[in-house]
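# A look at the structure
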Amino acid sequence: MNDKALGLLGLARKARYVELGEEPAGASCRSQKARLLLVASDAGEHTVRRARSYCRSGKPVCIQAPFTKSALGGALGVSVCAICAVTDPALALAFVQALGEPERYEAALDELTRQSARVTKRRQEQKAHRNNIKHGKK
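Before going into details, it helps to say that this report is about the structure given with it. Here the structure is a predicted model, which means the values were calculated and not measured.

Reading the values: rules and limits
- Residues numbered from 1 in each chain as written.
- Predicted model: local features only at pLDDT ≥ 70, side-chain atom pairs only at ≥ 80, totals over all residues.
- Heavy atoms only, no water.
- Helix = DSSP H or I, 4+ residues; strand = E, 2+ residues; numbered from the N terminus.
- Contact = heavy atoms within 4.5 Å.
- Phe/Tyr/Trp six-rings, centres within 6.5 Å; stacked < 30°, edge-to-face > 60°.
- Buried < 20%, exposed > 50% of the residue type's maximum accessible area, 1.4 Å probe, protein only.
- Pairing = 2+ DSSP bridges.
- Axes fitted to C-alpha atoms, helices over the stretch in contact; angles between N-to-C directions.

### Regarding the side chain of Thr 47
Relative to the assigned elements, Thr 47 resides in helix α3 (residues 45–58). Sequence-distant contacts of Thr 47, defined by excluding residues within four places in its chain, comprise Glu 22, Ala 82 and Ile 83.

As structure tokens, this is what we get:
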């Protein structure tokens, strides 16, 4: 299960849906682009406090991941990573689902499911609008 979750993080990194490090993740949260903020299990208390303050400003879901900094960094292609932000709601939802333990992450799953459904609906509406414009309907 954890290998799948780490694999999804690697996929998100390749698709450029991940911001690595404290400052880029914080900027992503403040600009309300972050959907999920991950903090390593062995991150310092100061980093955890900063992550929580970022979540108050932009309202992303914050999770203390069950991975160490080196495991998280290894999945993301860097040596160590204490904090990262996932900006795609579908990948964030898939990551939390791949972690298992639905009772532990129930609130995060509910919020990410809601966000993912909104984004999917918005994309369908945009596609229908482009199709209507292309074929002359209003």
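### Things to note about the packing of aromatic side chains
One pass over the full model with this rule turns up one aromatic pair. Here the aromatic rings of Phe 67 and Phe 95 are separated by 6.4 Å at their centres, their planes lie at 55°, and the arrangement is tilted. Residue Phe 67 is located in the loop between β3 (61–64) and α4 (69–76), and its partner Phe 95 is located in helix α5 (residues 89–98); the two are separated by 28 residues in the primary sequence. For Phe 67, a relative accessible area of 5% corresponds to the buried category. A relative accessible area of 1% means that Phe 95 is categorised as buried.

### Focus: unusual backbone geometry
Trans peptide bonds make up the majority, and among non-glycine residues the majority have a negative phi. A positive phi angle, close to 60°, is found at Arg 16, a residue other than glycine. The exposure class of Arg 16 is exposed, given its relative accessible area of 74%. Positive phi values are uncommon outside glycine, yet Gln 32 reaches one of about 60°. When you line up the elements, Gln 32 lands in the loop between α2 (22–30) and β2 (36–39). With a relative accessible area of 53%, Gln 32 lands in the exposed category.

### As for the sheet that holds strand β4 (residues 83–86)
With respect to topology, four strands assemble into an open sheet ordered β1-β4-β2-β3, the strand pairing being mixed. With partners counted over all chains shown, the strands left at the sheet margins are β1 (18–20) and β3, one partner each. Taking each pair of neighbouring strands and ignoring which way they run, the sheet shows an average axis angle of 20°. Judged from the four bridges that link them, β2 and β3 form a sheet pairing that is parallel. Looking at the pairing, Val 39 lines up with Gln 64 of β3. Lying over the sheet, α3 contacts β2, β3 and β4, oriented at roughly 175° with respect to β2.

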